[in-house]
Amino acid sequence: MNKSSQPSGIFSWTLGKQILAGFVAVLAILSLLGVTAIMNLNEIRDKFEGLLQATQVERYAYLTILDEKNYLLEGKEEIHQSALNNMNVILAALDKIDATSDDQNLLNHSKTARTGTNEYRKGYDAGVKALQANEAAVQLMIKNGLKVAELAENQYQIEPSNAALGVWVTALEIMRHEKEERIHADRKHYSSMLELRKKLEGYFNQLDPSRIDRSVNEARTATD
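Residues numbered from 1 in each chain as written. Predicted model: local features only at pLDDT ≥ 70, side-chain atom pairs only at ≥ 80, totals over all residues. Heavy atoms only, no water.

Asker: Can you walk me through the overall build of the protein in this structure?
Answerer: When its secondary structure is counted, the protein shows 6 helices and 0 strands. When its helices and strands are written in sequence order, the protein yields α-α-α-α-α-α. Residues counted as buried form 24% of the 224 residues belonging to the protein. Contacts in the protein between residues far apart in sequence, at least 24 positions, make up 60% of those at least 6 positions apart. (Helix = DSSP H or I, 4+ residues; strand = E, 2+ residues; numbered from the N terminus. Buried < 20%, exposed > 50% of the residue type's maximum accessible area, 1.4 Å probe, protein only. Contact = heavy atoms within 4.5 Å.)

Listed below in structure tokens is the structure:
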């Protein structure tokens, strides 16, 4: 019995050592895989964050373009500020990409996007300032156009004449072309305004050839 049981005990001890050795080996492999997995996870996370920021850049670029179109339609200052804020978000996202990613391709795109965003911002600011200046000029044109028409009407009431009537009709016609030019952005209306201006000057000269009439001179100044 004892002799027959001894091999069983040795076998059991050997098997136990084998299981223990196998368990240790598995732990070692798992540990190695764990370290590798953590390293890979960090790399993937960095790239994912970079891609997330890249998606943010794309999204806010579209929002900026949308704000630009809305500003052209409505001219509201809050829309202008929204576009500027969008560009700030884009630049912040590009900063995050540069700080967290080691993907050279992504970094190259970031550099290109940053240059494009800064150039777009300069152009956008210049465009908004031009639109604001144009709007101020349009309001001045409308104000002075109405002034010319009013002066012509008053002149006609004081001394009815074809020249006074011509000033009034021509001033209104110029204002109509000015409105059409703004709506349709068709420069033929601007050309018509220039031709009508010559016609208007002719009527002024008929009314006041010596250029001493105060009302007519005010109309001349408003026209200029």
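Asker: Any chance you could explain the nonpolar core here in plain terms?
Answerer: Within soluble globular proteins, side chains that are nonpolar tend to cluster in buried spots. Ranked by size, the top nonpolar core spans 16 residues in total, and within it Val148, Val167, Ile174, Leu200 and Phe204 carry the most contacts. Contributions of two or more residues to this core are made by helix 3 (104–158), helix 4 (162–184), helix 5 (187–207) and helix 6 (214–223). Ranked by the residues each element gives to this core, the list is headed by helix 5, at 5 residues. Every residue in contact with Ile174, bar those within four places of it in the chain, is listed here: Met193, Leu196, Arg197 and Leu200. (Core = buried A, V, L, I, M, F, W, Y, C linked by side-chain atoms within 4.5 Å.)

Asker: Explain helix 4 here, please?
Answerer: Relative to the 33 Å expected for 23 residues at 1.5 Å per residue, helix 4 spans 32 Å between its end C-alpha atoms, a close match to the ideal helical length. The complete set of buried residues in helix 4 reads Ala163, Ala164, Gly166, Val167, Thr170, Ala171, Ile174, Met175, His177, Glu178 and Glu181. Looking at the buried side of helix 4, the elements it contacts are helix 3 and helix 5. The positive-phi residue at the C-terminal boundary of helix 4 is Ala185, with phi of around 50°. (Expected span 1.5 Å × (residues − 1).)

Asker: Whenever I open this one, the packing of helix 2 (residues 77–100) against helix 3 confuses me. Can you help?
Answerer: The description of two helices packed together rests on the angle between their axes and the distance between the axes. Running from N to C, helix 2 and helix 3 cross one another at 165°; their axes reach a closest spacing of 10 Å. Between helix 2 and helix 3, the crossing angle belongs to the class labelled roughly antiparallel. In this structure, helix 2 crosses over helix 3, and the sense of that crossing is left-handed. Classifying every residue of the contact of helix 2 with helix 3 gives 14 nonpolar, 6 polar and 6 charged. (Axes fitted to C-alpha atoms, helices over the stretch in contact; angles between N-to-C directions. Parallel < 35°, antiparallel > 145°, perpendicular 65-115°, else oblique. Left-handed = near helix turned anticlockwise from the far one by under 90°. Nonpolar A, V, L, I, M, F, W, Y, C, P; charged D, E, K, R; others polar.)

Asker: For this particular structure, what's the right way to read helix 3?
Answerer: Given 3.6 residues to a turn, an α-helix orients residues that are three or four positions apart in the same direction. Across its 55 residues, helix 3 extends 80 Å between first and last C-alpha, which sits within 8% of the 81 Å expected from 1.5 Å per residue. One side-chain oxygen at the N-terminal end of helix 3 lies 3.0 Å from the backbone nitrogen of Asn105; it belongs to Asp103. (Polar contact = N/O pair within 3.5 Å; in protein donor to acceptor, adjacent residues only side chain to side chain.)

Asker: In this structure, what is going on with unusual backbone geometry? I would like to understand it.
Answerer: Residues other than glycine predominantly adopt negative phi, and peptide bonds predominantly adopt the trans conformation. In this structure, Arg211 takes a positive phi of about 60° despite not being glycine. Following the sequence through the fold, Arg211 ends up in the loop between helix 5 and helix 6. Classification of Arg211 by relative accessible area gives partly exposed; the value is 47%.

Asker: Can you help me understand the layout of surface pockets in this one?
Answerer: Picture a little ball the size of a water molecule; that probe, rolled over the atoms, points out where space is still empty. Within this model, the largest pocket holds a volume of roughly 540 Å³. Lining the largest pocket are 20 residues, and of these Leu131, Asn134, Glu135, Val138 and Arg182 lie nearest its centre. Of all the secondary structure elements, the ones that give two or more residues to the lining of the largest pocket are helix 1 (2–74), helix 3, helix 4 and helix 5. A per-element tally of the lining of the largest pocket places helix 3 first, with 7 residues. Within the lining of the largest pocket, the residues separate by chemical class into 11 nonpolar, 3 polar and 6 charged. Here the second largest pocket is characterised by a volume of approximately 420 Å³. (1 Å grid on protein atoms, 1.4 Å probe; cavity = no way out; pocket = protein on both sides within 12 Å on 5 of 7 lines; lining within 4 Å. Points joined across faces, edges and corners; volume = space filled by probe spheres on them.)

Asker: What should I look at first to understand empty space enclosed by the protein in this one?
Answerer: Under the counting rule described, the total for this entry stands at 1 cavity of 30 Å³ or more. Of the voids in this model, the largest cavity is the one considered here, and its volume is about 50 Å³. Along the walls of the largest cavity sit Leu151, Ala152, Gln155, Val167, Phe204, Leu207, Ser215, Val216 and Ala219, which together make up its complete lining. Elements represented by at least two residues in the lining of the largest cavity include exactly helix 3, helix 5 and helix 6.

Asker: It is not clear to me how the packing of helix 4 against helix 5 should be interpreted in this structure. Could you clarify?
Answerer: Direction vectors running N to C along helix 4 and helix 5 enclose 165°, while the axes themselves pass 9 Å from each other. Taken together, the axes of helix 4 and helix 5 lie roughly antiparallel to each other. Viewed along their axes, helix 4 and helix 5 form a crossing whose handedness is left-handed. Taken together, the residues of the contact of helix 4 with helix 5 sort by class into 12 nonpolar, 7 polar and 7 charged.

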